[in-house]
Amino acid sequence: MSEMITPELVDLDLSADSKESAARALAERMVERGRVTDLDGFLADVAAREAQMPTGLEGGIGIPHCRSPHVTTPTLAFGRSPSGIDFGAPDGPADLIFLIAAPAGADDAHLSILSTLARRLMQPAFTAALRAAATPSEAAALIAGEPMATATAGAGAEAGAGSQAAARGLSPTPPLPELGHRPSPRSSNAGGAENTASPAFEALGSGAEPRVGGPGAEPTVSGRGGVGESPAGQPFRVVAVTSCPTGIAHTYMAAEALQQAATEAGIDLRVETQGSAGFTRLAPEDIASADAVVFAHDVPVRDRARFAGKPTVDTGVKAGINRPAELLAEARDKAARGEVADHTPTPVERAGEEADGYGAKLRTWLMSGVSYMVPFVAAGGLLIALAFAIGGYEINTAPSVAEHFVWTESASWAALLFQTGGLAFGFLVPVLAGYIAYGMADRPGLVPGFVGGAVALTINAGFLGGLIAGLLAGGTVLAVQRLRIPTALRGIMPVVVLPLIGSAVTAFLMFLVVGKPVASLQQALTDWLSGLSGANAVILGVILGLMMCFDLGGPLNKVAYAFAIGGLATPNEGSLKVMAAVMAAGMVPPLAMALATTLRGRLFSKTERENGKAAWFLGASFISEGAIPFAAADPLRVIPASMAGGAVTGALSMAFECTLRAPHGGIFVIPLIGNPLLYLIAIAAGTATTAGLVVLLKGLRKQAEPAAPAGTEPSDRTKVTAAA
């Protein structure tokens, strides 16, 4: 750990006033020591991780972290803020800031050590010692796990930690407790000048959790926490899984918090940490003997079916950190009531926040289905488009290639492509419905969802029918899971009972209750798209263009894209126009950033100019995310400019009546586009609009700034300009 943090990476008087400026101040120290190669690129990765979930924790801790290709070696920087910085913790600002930087391909040993820091932050003695540290060397030694006597001896003129603390009227730094043990309230180091502080860290293997039990307890893969006994003489047994998007910090902090709460409650706990350093599965016998399960996660639990039939508490990882005792108490209550597998929060691509409202959950469920449907749309759409390009539009009347195929005729090959693409398209609605249900209820929702999607196809309810069928199937399975089930039936619930009841109820509702009204609505939408022309089409193009460019791959962007690919399930002239407008608008932001950095490079940092070169290809390939680094660095100028250009392109594409049968591909599917020349003109117009606005807005900002010393790169002034 000592090579990860040095005194030069510690700032005990961090003067930043925001989490962005705090991250920048600490990251600059990493850059100075060659640990980070691209400051702005690394900060963009930190911001992207922060956008997924705030990294502030109760107790005055902020732990921004990410894995980034701009990191050369795993590094930790520490800052102590006198006034506190808001990192989104519920109890207020953080004064202890840890910036963790891991390479994109960090090895397991380094990530395990970083995860140990996350656990240590749950120990009050550790954070108290950091708040009392007098010098950067002292703080670095604490974090690195070096004995304080050694660290201070190497510091030269710096005095011992205990003497420095005493000089400020503080108690000497207490020994840090072993992982998993509660610190003694009377722990002190009263005994003269010799400092006997124990190491701050113990190296753990991949996925290992500490066993709580005694001084000689050995670390095990799945820790046993607080083996107390209930009045009946038997401990209440719980197994838990923790995970977070990066698998570095929150995963292990939640595990440690649950361990401590289990110790206090007399609960027998084993935790599986599904982190970046890999994980070792809980032993089957531990799961089988568990009375309840706790999931504290922000990414899907891997192999979740192992825990089927158990009373389950399912929540976000921050709940595991902030209120572990409540989660364990809830698990005990569910077990007492016999309530089995309550999976209300979606396990697939969940947002992870415990306070998510129904709207956020609904969006996540729908996006789960859409994400699984997109590959079928892409494969089927491209095959059909190629078939039309080779054999003409009359190819849709060709006989089955199973009955008639001539190897030397292009028409036969076109027919093969068309019929294969049609079969792929036939899966769109069932896959959409099946994975919406899966996002709601996990694996037991798959069969009812696919059945409901098939019914939607049968009654011509189309894309909307698939959405409704998936929600009905998932809701039905969740409702059945809430019922009190006899113990004898719990083992067959996921594979027999839930699919059987879910399929029957979903099919009944789709065939006899909601199916026909939804089919009528789908037909009305199809007719409306078919009749789009003139001003109505242009207005729709403007709206879709704005949505595609607002968040560059975020929720609004995906809603517009899902609307477009949903129309491809029942293609007509209107739906093909919508698909063309959506793809054209999505290409504009990265192409415009590339053009702006080429025309007026001095307005951008060196890193942005390099990103601009890559943005040419990303934009041409319809990858809107190519503009994210620019938007993250200067959102108030880049995002409005991107939306303006997207609106122009969307409107022109609709006005030119351009069509597109392929759901992706950018300029590489231009031969498959209706009115390709006008389509390129629409993209060029939007690109020029956005690039011009970005150059104008950045130029105005530059004029308002005080003159900088000659030779100073724009990146050197980002601290000011990014907030302008």
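Residues numbered from 1 in each chain as written. Predicted model: local features only at pLDDT ≥ 70, side-chain atom pairs only at ≥ 80, totals over all residues. Heavy atoms only, no water.

### As for the overall build of the protein
Each helix and strand in the protein was counted, giving 26 helices and 13 strands. Among the 724 residues that make up the protein, the fraction classed as buried is 54%. Taking as baseline every contact in the protein between residues at least 6 positions apart, the subset at least 24 positions apart corresponds to 73%. Per element, the accessible surface of the protein, about 28,600 Å² overall, is 62% carbon and sulfur. (Helix = DSSP H or I, 4+ residues; strand = E, 2+ residues; numbered from the N terminus. Buried < 20%, exposed > 50% of the residue type's maximum accessible area, 1.4 Å probe, protein only. Contact = heavy atoms within 4.5 Å. Areas by Shrake-Rupley, 256 points an atom, 1.4 Å probe, with all protein chains shown as cover.)

### Points about the pattern of salt bridges
One pass over the structure, following the stated rule, counts 14 salt bridges. Measuring nitrogen to oxygen at the nearest pair gives 3.4 Å for the salt bridge that ties Lys 613 to Glu 610. In this pair, Lys 613 and Glu 610 are both assigned in helix H22 (residues 606-620), 3 residues apart and thus about one turn of the helix distant. Exposure remark for Lys 613: the relative accessible area of 56% places this residue in the exposed category. A salt bridge links Asp 634 to Arg 637; its shortest N-O distance comes to 3.0 Å. One connected set of salt bridges, linked through shared partners, spans Asp 634, Arg 637 and Lys 698. (Salt bridge = Lys/Arg side-chain N within 4 Å of Asp/Glu carboxyl O.)

### Structural notes on the packing of aromatic side chains
Counted by the stated rule, this structure contains 10 aromatic pairs. Aromatic side chains Phe 376 and Phe 427 sit 5.9 Å apart centroid to centroid with 40 degrees between the ring planes, which places their arrangement in the tilted category. One end of the pair, Phe 376, is in helix H12 (residues 358-391); the other, Phe 427, is in the loop between helix H13 (410-425) and helix H14 (428-441), with 51 residues separating them in the sequence. When its relative accessible area of 29% is taken as the criterion, Phe 376 is described as partly exposed. Taking the centre distance of 6.3 Å and the plane angle of 85 degrees together, the rings of Phe 604 and Phe 630 count as edge-to-face. Highlighted residues: Phe 604 in the loop between helix H21 (573-599) and H22 and Phe 630 in helix H23 (residues 628-633), separated in sequence by 26 residues. Across this residue pair, the class does not change: Phe 604 and Phe 630 are buried. (Phe/Tyr/Trp six-rings, centres within 6.5 Å; stacked < 30°, edge-to-face > 60°.)

### Section: the packing of helix H4 (residues 124-132) against helix H5 (residues 136-144)
Contact geometry for H4 and H5: axes closest at 9 Å, N-to-C directions at 165 degrees. As summarised for this structure, H4 and H5 are arranged roughly antiparallel, according to the angle between their axes. For H4 against H5, the interelement crossing comes out left-handed. Residues Phe 126, Ala 129, Leu 130 and Ala 132 of H4 touch H5, and the partners they reach there are Glu 138, Ala 139, Leu 142 and Ile 143. Of the residues contributing to the contact of H4 with H5, the split by class is 7 nonpolar, no polar and 1 charged. (Axes fitted to C-alpha atoms, helices over the stretch in contact; angles between N-to-C directions. Parallel < 35°, antiparallel > 145°, perpendicular 65-115°, else oblique. Left-handed = near helix turned anticlockwise from the far one by under 90°. Nonpolar A, V, L, I, M, F, W, Y, C, P; charged D, E, K, R; others polar.)

### Quick look at the pairing of strand S5 (residues 75-85)
The buried fraction of S5 is high, at 8 of 11 residues. Across 2 bridges, the pairing between strand S1 (residues 10-11) and S5 is parallel. The residue bridging Val 10 from the neighbouring strand is Phe 78, located in S5. Relative to strand S6 (residues 94-103), S5 runs antiparallel, the two sharing 7 bridges. Its bridge partner being in S6, Leu 76 is matched across the sheet by Ile 100. (Pairing = 2+ DSSP bridges.)

### A few points about the environment of His 65
Among the structural elements, His 65 can be located in strand S4 (residues 65-68). Assessed through its relative accessible area of 1%, His 65 is described here as buried. For His 65 and Leu 43, which are 22 residues apart along the polypeptide, the C-alpha to C-alpha distance reads 9.9 Å. Only 2.6 Å separates the side chain of His 65 from the backbone oxygen of Ile 63, close enough to count as a polar contact. (Polar contact = N/O pair within 3.5 Å; in protein donor to acceptor, adjacent residues only side chain to side chain.)

### Focus on the side chain of Thr 506
Inspection of the secondary structure puts Thr 506 in helix H17 (residues 493-512). Since its relative accessible area comes to 0%, Thr 506 is described here as buried. Other than its neighbours up to four places away in sequence, Thr 506 contacts Pro 448, Gly 452, Ala 469, Leu 472, Ala 473 and Thr 476.

### Thoughts on H21
Owing to its 3.6 residues per turn, the α-helix aligns residues three or four sequence positions apart on the same side. With 27 residues, H21 extends 38 Å from end C-alpha to end C-alpha; this agrees with the ideal 39 Å at 1.5 Å per step. At Val 588, H21 shows its largest bend, some 30 degrees, and a proline, Pro 589, comes one to four positions later. Across the 27 residues of H21, 23 count as buried, placing the element largely inside the fold. (Expected span 1.5 Å × (residues − 1). Bend = angle between axes of the 7 residues up to and from the residue.)

### Here's the deal with the environment of Ile 100
Note on placement: Ile 100 falls in strand S6. With 22 residues separating them in the primary sequence, Ile 100 and Phe 78 have C-alpha atoms 8.8 Å apart.

### Things to note about the confidence of the model for the protein
On average, residues of the protein carry a pLDDT of 76, and 75% of them reach 70 or more. Counting contacts from residues 342-356, a segment whose pLDDT is below 50, to residues more than four positions away or on other chains yields 59 contacts. Contacts for the low-pLDDT stretch residues 707-724, under 50 throughout, to residues beyond four places or in other chains number 24 contacts. (pLDDT = per-residue confidence, 0-100.)

### So, a nonpolar patch on the surface
A contiguous nonpolar surface patch, about 410 Å² in accessible area, is contributed by Phe 508, Phe 511, Leu 512 and Val 513. Residue position: Phe 508 is located in helix H17. (Patch = residues over 30% accessible without salt bridge, like charges linked within 9 Å, V, L, I, M, F, W, Y side chains within 5 Å.)

### Observations concerning the nonpolar core
Ranked by internal contacts, the top residues of the largest apolar core, which has 61 residues, are Met 579, Val 582, Met 583, Leu 660 and Tyr 679. Of all the elements, H21 adds the most residues to this core, at 11 residues. In this structure Met 583 touches Phe 622, Leu 660, His 664, Gly 665, Gly 666, Val 669, Ile 673 and Tyr 679, once residues within four positions along its chain are discounted. (Core = buried A, V, L, I, M, F, W, Y, C linked by side-chain atoms within 4.5 Å.)

### Here we look at the packing of helix H16 (residues 462-481) against H17
In contact at an axis separation of 9 Å, H16 and H17 are set at 135 degrees when each is read in the N-to-C sense. Comparing their axes, H17 and H16 come out oblique. As H16 packs across H17, the resulting crossing turns out to be right-handed. Note on element contacts: H17 touches H16 through Met 493, Leu 498, Ile 501, Gly 502, Val 505, Thr 506, Leu 509 and Met 510, opposite Gly 465, Ile 468, Ala 469, Leu 472, Ala 473, Thr 476, Val 477, Val 480 and Gln 481. Taken together, the residues of the contact of H16 with H17 sort by class into 12 nonpolar, 5 polar and no charged.

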